[in-house]
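# Coordinate inspection notes
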Amino acid sequence: MGLRATYLAVDAALVERLRGLDLEACLAQVAALRDTDAETADLDKMWDGLRFLLSEGTPGDGDPLTEAVLGVQPWEGAVHVAVTGADDVVRILEALDTVDLDRRLALTDFADFADADIYPAIWDEDPDDLRDELRLAFADLHRFYGRARAAGHGAVVTIG
């Protein structure tokens with residue numbers, strides 16, 4: 001099964017309520033949201049590869065492209081959960097809009113992903129297939145943030 005990244009768009013009031021909860025209570029709220037018609041995205045196993053690609057191997061604190069994948073305000077715990085406010089969604093989408101994905105993918109050496117121990121351990125597979133998977137993951141993430149911004153929503157990221 002592995003580690004999967006899922007994204008849920010949530011209104012600003014809920015983002016603030018979630019920020020005030022401990023990890024267990026936040027996870028319960030997030031589980032309830034999955035049964036609603038909230039805007040979602042599922043990067044499945046490609047989240048870490050996309051994070052590495054977008055950060056060009058050097059993620060930094062406050063980097064909106066890294067935050068696009070991991071969220072802005074994480075909780076400490078065995079499961080990764082982070083919230084992103086509506087203002088940050090706007091900033092993240094603006095950064096995603098500037099990405100020349102085709103250029104990045106053309107310059108990508110997947111041996112660098114393997115050397116950096118990027119999840120999952122698939123980086124020795126067909127490079128064209130990997131590029132296609134990363135392209136689809138980016139499109140899903142970009143579409144998610146675009147819809148969240150249009151609704152004035154924040155986001156909840158879970159990886160586990």
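Please read all numbers here as calculations on a predicted model, not as lab measurements. (Residues numbered from 1 in each chain as written. Predicted model: local features only at pLDDT ≥ 70, side-chain atom pairs only at ≥ 80, totals over all residues. Heavy atoms only, no water.)

## Regarding the environment of Leu43
Along the chain, Leu43 turns up in strand E2 (residues 40–44). What makes Leu43 buried here is its relative accessible area of 4%. Along the sequence, Leu43 and Ala13 sit 30 residues apart, while their C-alpha atoms lie 25 Å from each other. Apart from residues lying up to four places away in sequence, Leu43 is in contact with Ala5, Tyr7, Leu50, Ala137, Asp140 and Leu141. (Helix = DSSP H or I, 4+ residues; strand = E, 2+ residues; numbered from the N terminus. Buried < 20%, exposed > 50% of the residue type's maximum accessible area, 1.4 Å probe, protein only. Contact = heavy atoms within 4.5 Å.)

## Quick look at helix H1 (residues 12–19)
Within H1, the full set of buried residues consists of Leu14, Val15 and Leu18. One face of H1 carries all of its buried residues, which in axial projection span an arc of 105°. The inward-facing, buried residues of H1 contact strand E1 (5–10), helix H2 (23–33), strand E4 (80–84) and strand E5 (154–159). The opening residue of H1 is Asp11, an N-cap whose side-chain oxygen sits 3.1 Å from the backbone nitrogen of Ala13. (Arc of directions from axis to C-beta. Polar contact = N/O pair within 3.5 Å; in protein donor to acceptor, adjacent residues only side chain to side chain.)

## Thoughts on the layout of surface pockets
Of the pockets and cavities examined, the largest pocket occupies roughly 160 Å³. Every residue lining the largest pocket is counted, 11 residues in all, and those nearest its centre are Leu53, Glu56, Arg104, Leu107 and Thr108. Contributions of two or more residues to the lining of the largest pocket are made by helix H3 (47–54), helix H6 (101–107) and helix H7 (110–115). At 3 residues, H6 tops the list of elements feeding residues into the lining of the largest pocket. Within the lining of the largest pocket, the residues separate by chemical class into 4 nonpolar, 2 polar and 5 charged. (1 Å grid on protein atoms, 1.4 Å probe; cavity = no way out; pocket = protein on both sides within 12 Å on 5 of 7 lines; lining within 4 Å. Points joined across faces, edges and corners; volume = space filled by probe spheres on them. Nonpolar A, V, L, I, M, F, W, Y, C, P; charged D, E, K, R; others polar.)

## Focus: unusual backbone geometry
For the peptide bond that leads from Tyr119 to Pro120, omega is -15°, which places it in the cis range. Despite not being glycine, Asp44 shows a phi value in the positive range, around 50°. Structurally, the position occupied by Asp44 is in strand E2. Within the chain, Asp117 stands out as a residue other than glycine whose phi angle is a positive 60°. Of note, Asp117 is situated in the loop between H7 and helix H8 (127–151).

## Examining the confidence of the model for the protein
Mean pLDDT over the protein: 93, with 97% of residues reaching 70 or higher. When mean pLDDT is taken per element in the protein, H8 scores highest with 98 and H2 scores lowest with 88. (pLDDT = per-residue confidence, 0-100.)

## Quick look at H2
Inspection of H2 places Leu23, Cys26, Val30 and Leu33 among the buried residues, and these make up the whole buried set. Viewed along the axis of H2, the buried residues span an arc of 75°, placing them on a single side of the element. In this fold, the buried residues of H2 make contact with E1, H1, E4 and E5. The N-cap residue of H2 is Asp22: its side-chain oxygen and the backbone nitrogen of Glu24 are 3.3 Å apart.

## Some points on the sheet that holds E5
Taken in spatial order, the 5 strands make up an open sheet running E2-E1-E5-E4-E3, and their pairing is antiparallel. On the outer flanks of this sheet lie E2 and strand E3 (73–74), each paired with one strand and no other. The pairing of E1 with E2 spans 4 bridges and is classified as antiparallel. Paired with Thr6 across the bridge in E2 is Asp42. Contacts from H1 reach E1, E3, E4 and E5, with the element oriented near 135° to E4. In the packing of H3 onto the sheet, contacts are made with E1, E2 and E5, and the angle to E2 comes to roughly 90°. (Pairing = 2+ DSSP bridges. Axes fitted to C-alpha atoms, helices over the stretch in contact; angles between N-to-C directions.)

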